[in-house]
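Observations on the model geometry
Residues per chain are reported as follows:
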Amino acid sequence: MALRKVARARPSRMPPAAALAVPAAVLAATFVVAFAAAPNNWDSLVYHNARVMQWWDHGSVAPWETSSNRQLRMPPLASYFKLALLGLTGNDVLFNLVQWAFFAFSILAAAALAARLVPSGRAGPWAALLVATIPMAVLQSTSTQNDVVVAGYLLAAAFFFFRAFAADGAPFHDLVLGGAAVGLGLATKGTAYLFAVPLLGTVAGAALGRL
């Protein structure tokens, strides 16, 4: 009975440092895969990477005749990053690292946002752990798709918008940064509109509430 009371009085909790160990291990493992494995998923080969190679071959990002109209109509920002890497290396060896870099950024952004929402010091590591173990995020972090890129921008936007209305925030500066992050997300993937609308609506409601 005494042992049960002690166990209840002192519940076992994973320390924040341990919660950060898993994201670090996931990032290390996915970096190796992203760097060593060539882009090989269907979406990348017929759309994402294909248009980068078309731009490089044409010497222009102007529209061209293609049977895959996604290469023309989908937002291009993440592909521009790959185009820059192609210019630096002459091949696609670093293409996967675009999403991997935004995977790492998303983990940090989620941790920073959670630390502001729950200023106890424990929320940040757990948010990092949550994002680092999302199966689709782990899978895409080693590919040349763009879902993780847009997620990183939207997490950054949420962080800046929340900080804009905090006591230590700089409203104009943070709102500009948040708006820029939303704009970059919209330039990356069309699904950003689905998340940007409620996010901007929340910001507008908070601003009106302060009038």
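In what follows, the accompanying structure is described. Every value quoted in this text rests on a predicted model; they were computed, and no experiment measured them.

Parameters and conventions
All residue numbers refer to positions counted from 1 along the written sequence of the respective chain. Local features in this predicted model are restricted to residues of pLDDT 70 or higher, and side-chain atom pairs are both shown and tallied only at a pLDDT of 80 or more, whereas totals for entire chains, interfaces and linings draw on every residue. Side-chain figures throughout are based on the complete set of non-hydrogen atoms in the structure, without hydrogens or water. Counting from the N terminus, the helices are the DSSP runs of H or I reaching at least four residues and the strands are the DSSP runs of E reaching at least two. Buried residues are those whose accessible area, probed at 1.4 Å on protein chains only, stays under 20% of the maximum for their type, while exposed residues exceed 50% and partly exposed ones sit between those limits. It only takes one pair of heavy atoms within 4.5 Å for two residues to be counted as in contact. Shrake-Rupley sampling with a 1.4 Å probe provides the accessible areas, and residues are treated as covered by the protein chains on show and by no other component. As used throughout, the charge tally considers Lys and Arg to be positive and Asp and Glu to be negative, leaving His and the chain termini uncounted. Taken as the charge location is NZ of Lys, CZ of Arg, CG of Asp or CD of Glu. Fitted lines through C-alpha atoms serve as axes, helices being fitted only where they are in contact, and the angles separating the N-to-C directions of these axes extend from 0 to 180 degrees. Any angle that falls under 35 degrees is termed roughly parallel, while one over 145 is termed roughly antiparallel, one within 65 to 115 roughly perpendicular, and all others oblique. Handedness of a crossing follows from how the near helix is turned relative to the far one, being left-handed for an anticlockwise turn of less than a right angle and right-handed for a clockwise one. Polar here means any residue outside two lists: the nonpolar Ala, Val, Leu, Ile, Met, Phe, Trp, Tyr, Cys and Pro, and the charged Asp, Glu, Lys and Arg; Gly therefore counts as polar.

**Here we look at the overall build of the chain**
Regarding its fold elements, the chain presents 11 helices and zero strands. When the helices and strands of the chain are listed from N to C terminus, the series reads α-α-α-α-α-α-α-α-α-α-α. Relative to its 211 residues, the chain shows a buried fraction of 39%. Partitioning the intrachain contacts of the chain with sequence separation of at least 6 by distance along the chain shows that 72% fall at a separation of at least 24. As presented, the chain carries roughly 11,700 Å² of accessible surface, and 71% of it is formed by carbon and sulfur atoms. For the chain, the distance from the average site of its 14 positive side-chain charges to the average site of its 7 negative ones is 24 Å.

**Concerning the packing of helix 10 (residues 171-186) against helix 11 (residues 192-209)**
Running from amino to carboxyl end, helix 10 crosses helix 11 at an angle of 160°, the nearest separation of the two axes being 9 Å. Classified by the angle their axes make, helix 10 and helix 11 are roughly antiparallel. Here helix 10 runs over helix 11; the crossing is left-handed. Along its contact with helix 10, which presents Leu 175, Val 182, Gly 185 and Leu 186, the element helix 11 presents Ala 192, Tyr 193, Ala 196, Leu 199, Leu 200 and Val 203.

**Let's talk about the packing of helix 3 (residues 42-58) against helix 5 (residues 77-89)**
At a closest axis distance of 9 Å, the pairing of helix 3 and helix 5 adopts a crossing angle of 55°. On the basis of the axis angle, helix 3 is oblique to helix 5. Of the two possible hands of crossing, helix 3 and helix 5 adopt the one that is right-handed. Of the residues in helix 5, those touching helix 3 at His 48, Asn 49, Arg 51, Val 52, Met 53, Trp 55 and Trp 56 are Ser 79, Tyr 80, Lys 82, Leu 83, Leu 86 and Gly 87. Here the contact of helix 3 with helix 5 is composed, by residue class, of seven nonpolar, four polar and two charged.

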